[in-house]
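Structure assessment
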Amino acid sequence: MQVAEYDTALDVTRRLGDFLEERREQIAQRWADATLFRTVFIVSRDEAVEACKAVVDALAEVARTGRLEDVGASGFGAVREQLGRMSASRSRAGSSPSQIAGEVAGLREPVIALLDAEFADPAEESAHACRLALTVLMGTLRLVVMETAVSAGEELIARQRQQLLEVATPVIRLWDGVVAVPLIGTLDSVRSQVVMESLLEAIVDQRARFAILDITGVPTVDSLVAQHLMKTVAAARLMGAECVVSGIRPAIAQTIVQLGIDLGSIVTRAGLADALAYALGRQGIVVSAAPAAGAIPR
């Protein structure tokens, strides 16, 4: 690009920035009634107007720098979080990404109308150049909104996944000083970390001396799962609790032997009841069956 052309292009974007600043109030008032803002700021229209002004200010700043196509332009940083919250709110309301993109695209027309009014002849070359620059800038705004929407969606999914992992891995207080984690489903690295953190927190909160890991609901045990179990047992020991693994089925026992996995340092019991009986016995508590109805006590 020749220097003269560059100067002309920069002049256009600076003029666009000045226009956005001068017409900030009018643009904000028109945008406040647009679907994107109206459906998010349902309590106060004034709040919607202020949000619109912040977006206009960001666009003006980007325009003055000439970085119309740069989604990483510093001007967008000031409103990226706000745009993310807005797009996330629209997503929660049931709007698809294409609908949100369409709502952002709809913000262009009110600004174009105001921009055309700035020129005596909207068909002149300078008017066309400013209109083109505005179109590019609004297209970049659309990309920024979609980018923040995707990022917010990923964060929401990550939070929900974490919550599901925590719900699927409850720590149960079975007795004074005895907690248990009934594991169901496949154990991977992420879930194993949740199991360890939840168990260690329960050991501290409950002042537990014994922790039971019941793997009755775990379909298979391979070397990776065994490694996770051993790490959890070791971490529990460091917290002052003895760990018992229960629910090792015959098929899993054979697999462990075939893989050559050494669980010799881990206390194991056939079932959860056996593990609880072990923990209670270690505390000097004897559990006996209730006498049958009509039986004469000795």
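Refer to the structure above for everything that follows.
Residues numbered from 1 in each chain as written. Predicted model: local features only at pLDDT ≥ 70, side-chain atom pairs only at ≥ 80, totals over all residues. Heavy atoms only, no water.

**Notes on the overall build of the protein chain**
In terms of helices and strands, the protein chain carries twelve helices and five strands. Here the protein chain holds 298 residues, and 40% of them are scored as buried. Contacts spanning at least 24 positions in sequence make up 71% of the contacts within the protein chain whose residues lie at least 6 apart. When the accessible surface of the protein chain is split by element, carbon and sulfur atoms take 55% of a total near 16,400 Å². (Helix = DSSP H or I, 4+ residues; strand = E, 2+ residues; numbered from the N terminus. Buried < 20%, exposed > 50% of the residue type's maximum accessible area, 1.4 Å probe, protein only. Contact = heavy atoms within 4.5 Å. Areas by Shrake-Rupley, 256 points an atom, 1.4 Å probe, with all protein chains shown as cover.)

**Some words on the side chain of T232**
On the secondary structure map, T232 appears in helix 10 (residues 223-238). Relative accessible area serves as the criterion here: at 4%, T232 is assigned to the buried category. When neighbours within four sequence positions are excluded, T232 is seen to be in contact with M196, L199 and L213.

**Points about the pairing of strand 2 (residues 178-184)**
Most of strand 2 sits inside the fold, with five of its seven residues counted as buried. Note: strand 1 (residues 172-175) against strand 2, three bridges, orientation antiparallel. Across the sheet, the residue bridging to R173 is V179, located in strand 2. Linkage of strand 1 to strand 2, two consecutive antiparallel strands, is achieved through a turn of two residues, within which G177 is found at a positive phi near 80°. (Pairing = 2+ DSSP bridges.)

**Quick word on the packing of helix 4 (residues 45-65) against helix 5 (residues 74-92)**
It is the contact of helix 4 with helix 5, at a shortest axis distance of 7 Å, that shows an interaxial angle of 155°. Classified by the angle between their axes, helix 4 and helix 5 sit roughly antiparallel to one another. Remark: the crossing between helix 4 and helix 5 carries left-handed chirality. Note on element contacts: helix 5 touches helix 4 through S74, G75, F76, V79, Q82 and L83, opposite A51, A54, V55, A58, L59, E61 and V62. A per-class count over the contact of helix 4 with helix 5 returns nine nonpolar, three polar and one charged. (Axes fitted to C-alpha atoms, helices over the stretch in contact; angles between N-to-C directions. Parallel < 35°, antiparallel > 145°, perpendicular 65-115°, else oblique. Left-handed = near helix turned anticlockwise from the far one by under 90°. Nonpolar A, V, L, I, M, F, W, Y, C, P; charged D, E, K, R; others polar.)

**Quick word on the sheet that holds strand 4 (residues 242-246)**
Overall, mixed pairing links the five strands, which are arranged 1-2-3-4-5 in an open sheet. Each having just a single partner strand, strand 1 and strand 5 (267-269) make up the two edges of the open sheet. Each neighbouring strand pair of the sheet contributes to a mean axis angle of 30°, computed without reference to strand direction. Sheet analysis places strand 3 (residues 210-217) next to strand 4, joined by five bridges and oriented parallel. The residue bridging D214 from the neighbouring strand is S246, located in strand 4. The strands that helix 9 (residues 189-206) touches are strand 1, strand 2 and strand 3; relative to strand 2, the one it contacts most, it runs at about 165°. On the sheet, helix 12 (residues 272-282) packs against strand 1, strand 2, strand 3, strand 4 and strand 5 and is oriented at approximately 170° with respect to strand 3.

**Digging into the nonpolar core**
Counting 48 residues, the largest nonpolar core has L20, W31, F37, L59, L137 and L141 as the members making the most contacts within it. With eleven residues, helix 4 is the largest single contributor of residues to this core. Filtering out sequence-adjacent residues up to four positions away, L137 remains in contact with L16, L20, L59, V62, A63, L68 and F76. Within the second largest apolar cluster, 29 residues are counted, among which are L183, A211, I252 and I256. (Core = buried A, V, L, I, M, F, W, Y, C linked by side-chain atoms within 4.5 Å.)

**A look at the packing of helix 2 (residues 24-31) against helix 7 (residues 108-116)**
Viewed as axis vectors pointing N to C, helix 2 and helix 7 meet at an angle of 145°, and their least axial separation amounts to 9 Å. Like other packed secondary-structure pairs, helix 2 and helix 7 cross with a definite hand, here right-handed. Residues Q26, I27, R30 and W31 of helix 2 touch helix 7, and the partners they reach there are P110, V111, A113 and L114. The class makeup of the residues in the contact of helix 2 with helix 7 is six nonpolar, one polar and one charged.

**Side note on the side chain of R191**
Checked against the element boundaries, R191 lands in helix 9. Taking the relative accessible area as the measure of exposure, R191 reaches 6% and is therefore buried. In this structure the side chain of R191 is engaged in a polar contact, spanning 2.6 Å, whose partner is the backbone oxygen of I184. (Polar contact = N/O pair within 3.5 Å; in protein donor to acceptor, adjacent residues only side chain to side chain.)

**Quick word on helix 9**
A rise of 1.5 Å per residue sets the reference length of helix 9, with its 18 residues, at 26 Å; its end C-alpha atoms lie 25 Å apart and thus fit the reference within 8%. Buried within helix 9 are the following residues: R191, S192, V194, V195, M196, S198, L199, L200, A202 and I203. Phi turns positive one or two residues past the end of helix 9, at R207, with a value near 50°. (Expected span 1.5 Å × (residues − 1).)

**Some words on the packing of aromatic side chains**
Taken as a whole and judged by the stated rule, the model has one aromatic pair. Relative to F37, the ring of W31 lies with its centre 6.3 Å away and its plane at 10°, an arrangement referred to as stacked. The exposure class of W31 is buried, given its relative accessible area of 1%. Residue class for F37 comes out buried when judged on its relative accessible area of 1%. (Phe/Tyr/Trp six-rings, centres within 6.5 Å; stacked < 30°, edge-to-face > 60°.)

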